[in-house]
Amino acid sequence: MTNQNFWDTSSIIEFGGGYGNMARIIRKMNPTVTYTLIDLPELLALQYIYLGSLESEKELNIVNIDNPDIVENKINFISSEFLVNENIKLDAESFISTWALTESPESLQKYITKLNFFDAKKLCLASHIDENNFLNNTLDFNKLKKEKVPFLNSLHEYWMK
């Protein structure tokens, strides 16, 4: 789709990590990537357990008030609430979200957009075009490649740069 391997990057921020399988796959392809998962605390706990069962615990870093720094070459876990409330400064070479961002509240979609997806050079968003998707009306699609998601109806798109 982009003619680039998404895992060939030094840092990735994933917004909404499910149970952590994308992080697992990318870390398998690039074990030194700095990977940051932003999600709800309940899902971060699930991701921590899942990824901790596959990688040593020393490869994991929980970002919170007592430990506010992203650690390079590790998987970092940060709650979306902590990110917004503590105004944490993040950047990454790549940003990915598979439906989670466009399913989030409008204020969070606007917040991530205002941060320009953490100034990521590579962007991969899976999007559902519905009334909750505020990004569809705010992004500059002259700078993004759009593709329909195979096997799903026309309301599902990939947005990439």
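Look a little higher up for the structure.
All values derive from a computational prediction rather than experimental measurement.

Undergrad: Help me out: how do you make sense of the nonpolar core in this one?
TA: Most often, soluble globular proteins have nonpolar side chains that are buried together. By size, the foremost hydrophobic cluster in this structure holds 26 residues, and its most contacted members are Leu83, Phe95, Ile112 and Leu125. Mapped by element, the contributors of at least two residues to this core are β1 (11–15), α3 (80–85), α4 (106–114), α5 (116–119) and β6 (122–128). Ranked by the residues each element gives to this core, the list is headed by α4, at three residues. Setting aside anything within four residues of it in sequence, one finds Leu125 in contact with Phe95, Ser97, Leu101, Phe117, Leu135, Leu139, Glu157, Tyr158 and Trp159. Judged by nonpolar contacts, the second largest core, of 18 residues, contains Ala23, Ile26, Ala126 and Val149.

Undergrad: Sorry if this is basic, but what is going on with the pairing of strand β4 (residues 75–79) here?
TA: The side chains of a regular strand alternate between the sheet's two faces. A large share of β4 lies buried, amounting to five of its five residues. Of the two faces of β4, the one holding Ile75, Phe77 and Ser79 and the one holding Asn76 and Ile78 are both buried throughout. Relative to β4, strand β2 (residues 34–39) is paired through five bridges, and the arrangement is parallel. Directly across from Leu37, in β4, lies its bridge partner Phe77. Relative to β4, strand β3 (residues 60–62) runs parallel, the two being bridged by three bridges. Note on β4: the bridge partner recorded for Ile62 is Phe77.

Rules of the game
Residues numbered from 1 in each chain as written. Predicted model: local features only at pLDDT ≥ 70, side-chain atom pairs only at ≥ 80, totals over all residues. Heavy atoms only, no water. Core = buried A, V, L, I, M, F, W, Y, C linked by side-chain atoms within 4.5 Å. Buried < 20%, exposed > 50% of the residue type's maximum accessible area, 1.4 Å probe, protein only. Helix = DSSP H or I, 4+ residues; strand = E, 2+ residues; numbered from the N terminus. Contact = heavy atoms within 4.5 Å. Pairing = 2+ DSSP bridges.

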